[in-house]
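Architecture and fold: a report
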Amino acid sequence: MTRRERLTTYAVVVPFAIFLAFPFYFALVTMFKTNLDLANVEHSPYLYNDVEGHFHWDFWNYATTEHIRFLFEDTNYPRWLVNTLIVGGAVVGITLLLAMPAGYALARLAGGWGQGAGIAIFLVYLVPPTLLFLPLSRLITQLDLKDSLWALILVYPSFTVPFATWLLMGFFKTIPQELEDAALIDGASRLKALFLIILPISLPGILTVVIFTFSLCVNEFIYAFTFISTSEQRTVSAGIPNDLIRGDVFFWQSLMAAVLIPTIPLALLYNAFLDRFIKGFTGGAFR
Amino acid sequence: MGSWRHALESRRVLAVLLIAPAVVFMALVVGVPFVWAIYLSFTDAIGGSLSGRWVGFDNFVNAWHDDNFRRALRNTLVFTLASQAIVVVGAAVLSNFLVRDFRGKWIVRFLVVLPWAAPVVLSTIAWLWLLDSLYSVTNWTLARLHLDNAIVWLLGAVHVEEGAQVPLQWLGRPNLALLAITIVHAWRILPFAVVIFIAGRASIPTEVEDASKIDGATGLKKLWYVDVPLQLPIALVAVLFGIVFTAADFGVVYILTHGGPFNSTQVLPTWAYAIGIDSGSLGEGAAISLFLFPLLIVVSVAMLFFARRAQVS
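Residues numbered from 1 in each chain as written. Chains lettered and ligands numbered in written order. Predicted model: local features only at pLDDT ≥ 70, side-chain atom pairs only at ≥ 80, totals over all residues.

1. Digging into the overall build of chain A
Along the backbone of chain A there are 13 helices and two strands. Relative to the globule expectation of 19 Å for 287 residues, the C-alpha radius of gyration of chain A, 24 Å, shows a markedly less compact shape. C-alpha atoms of chain A, sized along the principal axes, occupy 80 × 65 × 30 Å. Within chain A, the fraction of its 287 residues that count as buried is 48%. Across chain A, every contact between residues at least 6 apart in sequence was considered, and the portion connecting residues at least 24 apart equals 74%. (Helix = DSSP H or I, 4+ residues; strand = E, 2+ residues; numbered from the N terminus. Rg over C-alpha atoms; globule rule 2.2 N^0.38 Å. Buried ≥ 20, exposed ≤ 12 C-beta atoms within 10 Å, placed from the backbone. Contact = placed C-beta atoms within 7 Å.)

2. Observations concerning the packing of helix α6 (residues 129-142) of chain A against helix α14 (residues 282-290) of chain B
Packed helices, taken two at a time, are described by their axes: the angle between them and the distance between them. Across the interface, α6(A) lies against α14(B) with an axial gap of 8 Å and an inter-helix angle of 155 degrees. In terms of orientation, α6(A) and α14(B) fall into the roughly antiparallel class. Where α6(A) crosses over α14(B), the handedness of that crossing is left-handed. Residue-level contacts link Thr130(A), Leu131(A), Leu134(A) and Arg138(A) of α6(A) to Leu282(B), Gly285(B), Ala286(B), Ser289(B) and Leu290(B) of α14(B). A per-class count over the contact of α6(A) with α14(B) returns five nonpolar, three polar and one charged. (Axes fitted to C-alpha atoms, helices over the stretch in contact; angles between N-to-C directions. Parallel < 35°, antiparallel > 145°, perpendicular 65-115°, else oblique. Left-handed = near helix turned anticlockwise from the far one by under 90°. Nonpolar A, V, L, I, M, F, W, Y, C, P; charged D, E, K, R; others polar.)

3. Some thoughts on the interface of chain A and chain B
Listed as interface residues are 73 residues of chain A and, on the opposing side, 79 residues of chain B. The class makeup of the residues in the side of chain A that touches chain B is 57 nonpolar, 13 polar and three charged.

4. What about the packing of helix α4 (residues 77-109) of chain A against helix α2 (residues 11-41) of chain B?
Contact geometry of α4(A) with α2(B) gives a least axis separation of 8 Å together with a crossing angle of 140 degrees. The angle between α4(A) and α2(B) falls in the class oblique. As for the relative orientation of α4(A) and α2(B), their crossing is left-handed in sense. Of the residues in α2(B), those in contact with Leu98(A), Ala99(A), Pro101(A), Ala102(A), Tyr104(A), Ala105(A), Leu106(A) and Leu109(A) of α4(A) are Arg11(B), Leu14(B), Ala15(B), Leu18(B), Ile19(B), Pro21(B), Ala22(B) and Phe25(B). Here the residues of the contact of α4(A) with α2(B) are counted per class, giving 15 nonpolar, no polar and one charged.

5. Regarding the environment of Ala21(A)
Relative to the helices and strands, Ala21(A) resides in helix α1 (residues 3-31). Considering only alpha carbons, one finds Ala21(A) and Thr235(A), 214 residues apart in sequence, at a separation of 24 Å. When neighbours within four sequence positions are excluded, Ala21(A) is seen to be in contact with Leu111(B) and Leu114(B).

6. Examining the nonpolar core
Counting residues in hydrophobic clusters, the biggest one holds 174 residues, and the most contacted among them are Ala105(A), Ile125(B), Val194(B) and Leu256(B). In terms of residue count, helix α9 (residues 174-202) of chain B provides more of this core than any other element does, 16 residues in total. When residues of this core are sorted by domain, at least three fall in each of domain 1 (3-70) and domain 2 (76-283) of chain A. (Core = buried A, V, L, I, M, F, W, Y, C linked by C-beta atoms within 7 Å. Domains from an automatic or database assignment.)

7. Some points on unusual backbone geometry
Generally, phi is negative for residues other than glycine and the peptide bonds are trans, each holding for most cases. Of the consecutive residues Gly260(B) and Pro261(B), the connecting peptide bond is found in the cis state with omega at -5 degrees. Turning to its location among the elements, Pro261(B) is positioned in the loop between α12 (251-256) and α13 (268-278). With a phi close to 65 degrees, Asp144(A) is a non-glycine residue in the positive phi region. Note on placement: Asp144(A) falls in the loop between α6 and α7 (149-155). Asp144(A) gets classed as exposed once you count the C-beta atoms within 10 Å, which come to 10.

8. Quick look at α1(A)
Its 29 residues place the ends of α1(A) 40 Å apart at the C-alpha level, agreeing with the 42 Å of an ideal helix rising 1.5 Å per residue. Every buried residue of α1(A) is listed here: Thr9(A), Val13(A), Phe16(A), Ala17(A), Leu20(A), Pro23(A), Phe24(A), Phe26(A), Ala27(A), Thr30(A) and Met31(A). (Expected span 1.5 Å × (residues − 1).)

9. A word on the confidence of the model for chain B
Mean pLDDT over chain B stands at 86; residues scoring 70 or higher make up 95%. Predicted complex metrics record ipTM = 0.91 and pTM = 0.91. (pLDDT = per-residue confidence, 0-100.)

10. Things to note about the environment of Ala258(A)
Residues and elements named next belong to chain A. With respect to the helices, strands and loops of the structure, Ala 258 is situated in helix α13 (residues 252-283). By the C-beta count within 10 Å, which is 29 here, Ala 258 ends up buried. Sequence separation between Ala 258 and Val 218 is 40 residues, and the spatial gap between their C-alpha atoms is 13 Å. When neighbours within four sequence positions are excluded, Ala 258 is seen to be in contact with Leu 71, Tyr 77, Ile 240 and Leu 244.

11. Section: the domain arrangement of chain A
Accessible area lost upon the coming together of the parts serves often as the stated size of an interface. Residue and element names in this part refer to chain A. In terms of domains, chain A is made up of domain 1 (3-70) and domain 2 (76-283). Taken over C-alpha atoms, the centre of domain 1 sits 34 Å from the centre of domain 2. In this complex, domain 1 contributes 10 residues to the contact, which on the side of domain 2 involves eight residues. Mapped by element, the contributors of at least two residues to the side of domain 1 that touches domain 2 are α1 and α3 (66-73). Looking at the side of domain 1 that touches domain 2 element by element, the count peaks at five residues for α1. The residue inventory of the side of domain 1 that touches domain 2, partitioned by class, reads seven nonpolar, two polar and one charged.

Given below as structure tokens:
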């Protein structure tokens, strides 16, 4: 790259990165702000200021962690995190159980109609929860699952299974057929070949599915919001806007901490598995 | 036992056995509620019941004659089209530069992917804070840069928001709120589109690059005749995704404005929620959400079409 090319690259890429990351950077600044500093509109919102609105280089003395303590000690936030982990974990398990065999069969065994069936399953993923939440909410009440995490564990696979089946189909397609053929010639049964040859090689792909499926569960809002109305049973996505925003009262610092805590590990995982995700996602239809 | 094992060795039988559980499950948790939603939309079912009296197309007709519904429909289309237009342009530009090798690429990539990795509702709360009328960093910064009055003037001049005042109520005035919601949607979909666009570029064989060089195709000419047609199918998939996930989204509008001020930012999902859950008119709520369906059909058909074309080529 020439010097000019390098400069234009930064000139484009840096403003985009700032725009995309700014809400999170600002959330990070806000979560340590003192109430007095936050509520004074004359004070710079980017910095930690003293009571007069001046910035000092030992800025940590003018910041506070009291709002994070509030979040963990005086709200149900820890409970929501645990609930989210429970729901996410259970849904990931159910999803793998249903999607792994289906993805494998579509990639390998189904022949000509595999591609069509794969796309059909994928289209199911496009049926949005906003179309289904009304009948489902009645159904959940009827099954006596309202206010129970089971409601979410039962319903979330409706969008994770098609999503995961599609991804896994993409991953299984990238594994050379010869590996399997060799095992079959050596006298292994198809199921044995599947468990001993295919599964170990697809482990990175399966891990990718685990992460993105889990993330879909953390993201989900309308079901969690409609099916569950007791604070203790909520997940993070539904609990934070419901409990930390009370009418006109916003617990901004605690809110921002609550937003960043699940986001940071998810962002790290996304970055680690992004290339694999794209491979599986586009590998299903485009080779 | 013997024939059972034999059957498992047959591709066809094994395929059906492996696919069946997933298909049956999806039929139960997607197919059944979907058919049920259609059924409900033709009844006068109210909250607390699973059925009602058959009323034909009444719910659809009632919804259609409601100004709030029409605004919700219009807003859904506006948010979707406007945000995806921004996404396509942004993703085309950004992906073009992100494929280059430069120092600090990993940190740029980390920052760019953040809006996609963050749970939607949570990042929308971060935006709520950025757009707060009194304490917002946006207004503070604009005021320090002496741009706030200029923006108020500009909004009036282009007839977006007449009579706005400093400090700007980003979510408290109808058209400003529409603008803010569009930007938040574009912001959250952009990273996904960028990543897919990059994958699309990577899928172009290097021979094509070499051949176009030999043929003397450079700059805009190469972009138009070589890059765009080759990346189009995969880029369109990103766009179709963006359309579905913007049109069907409930969280962004609900968190930012609750559909307000005065129902001016309602979209189909939030309006369906307001009617179906808050007012308890299950049937009419179902009818409202079903207005999303034609859009989904169009998108699905387009998706199938491009997937097939990408296969052939």
